[in-house]
Amino acid sequence: MIDPLANRIITLIKQDPLRIQVLDYVSQLGLPQYYIAAGFVRNLVWDYLHGYASPTPLNDIDVIYFDPIDTSYESALRYEVQLQEWLPELNWQVRNQANMHTRNGDESYQSSLDAMSYWPEKETAVAVKQSPTGEIECISAFGLESLFDLKITPNPNRSKDVFDQRVQSKNWLTHWPKLAIGHS
């Protein structure tokens, strides 16, 4: 049974032509365990819950995938370059989550979802992808309730200082004034 909140996210995405286009292009790369994550989903939900008529522009498009066989930085960069050629107006960030544990000082991640469970905010650890049949799938490392409750919650797997710095630097509480800091 599909989570009703995941269904709401899928409905919101289907109403956003840019997000549908992004899903279409990223799916063409055929990346293993790929998802489009973070602000791509989070911001869409917050915009909807704030009643914003148009979506907040995306700083970047976070494409994650998990490939423990080819962990070269050059491969991720090739995917980024390909996406940049297809949609040059967007700022693409493609990261193989099989590598990211070294940057973050963690044990090896086992999957894209496992990697997301270490991201600084619980509400950022949400992602979508398009299946080969065109269906949209939504996953989350911490569930979707706090996202729809307009919370921004520190992940206990990360430093609270990193969380606080991100909340401040990204200006989330100003742009989405109904947001509240949640408790981990």
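Note that the coordinates shown come from a computational prediction; the quantities given were computed from them, not determined experimentally.

Conventions used here
Residues numbered from 1 in each chain as written. Predicted model: local features only at pLDDT ≥ 70, side-chain atom pairs only at ≥ 80, totals over all residues. Heavy atoms only, no water. Buried < 20%, exposed > 50% of the residue type's maximum accessible area, 1.4 Å probe, protein only. Helix = DSSP H or I, 4+ residues; strand = E, 2+ residues; numbered from the N terminus. Pairing = 2+ DSSP bridges. Right-handed = clockwise from strand over helix to strand, strands pointing away. Axes fitted to C-alpha atoms, helices over the stretch in contact; angles between N-to-C directions. Contact = heavy atoms within 4.5 Å. Salt bridge = Lys/Arg side-chain N within 4 Å of Asp/Glu carboxyl O.

(A) Structural context of the pairing of strand β2 (residues 61-65). Here β2 lies mainly inside the structure; 5 of its 5 residues are buried. Burial of the side chains of β2 extends over both faces: I61, V63 and Y65 are buried on one face and D62 and I64 on the other. As paired elements, strand β1 (residues 35-37) and β2 share 3 bridges and run antiparallel to each other. Counted as the bridge partner of Y35 is I64 from β2. As defined by bridge partners, β2 adjoins strand β3 (residues 92-96) across 5 bridges and the pair is classed as parallel. Within β3, the residue paired with V63 across the bridge is V94. You can see the chain leave β2, run along helix α4 (residues 73-86) and come back into β3, and the turn it takes is right-handed.

(B) Structural view of the sheet that holds strand β5 (residues 136-140). One open sheet holds the 5 strands; their spatial order is β3-β2-β1-β4-β5, and the pairing between them is mixed. Each edge of the open sheet carries a strand with a single partner, namely β3 and β5. Averaged over neighbouring strand pairs, the angle between their axes works out to 30 degrees when direction is ignored. Helix α2 (residues 17-28) contacts β1, β2, β3, β4 (126-130) and β5 of the sheet and is inclined by roughly 70 degrees relative to β4. Across the sheet, α4 touches β2 and β3, and the angle it forms with β3 is around 155 degrees.

(C) Molecular detail of the pattern of salt bridges. Summed over all chains, the structure comprises 4 salt bridges. Among the salt bridges present, the one from E80 reaches R95, with a minimum N-O distance of 3.1 Å. Pair noted here: E80 is in helix α4 and R95 is in strand β3, with a separation of 15 residues, a long-range link. E80 gets classed as buried once you look at its relative accessible area, which sits at 17%. Look at R95 and you get partly exposed, because its relative accessible area is 30%. A salt bridge links R166 to E121; the nearest nitrogen and oxygen atoms lie 2.4 Å apart. Here the residue R166 occupies a position in helix α8 (residues 160-170), and E121 occupies one in the loop between α6 (112-116) and β4, the gap between them amounting to 45 residues. The residues R166 and E121 share a single accessibility class, namely buried.

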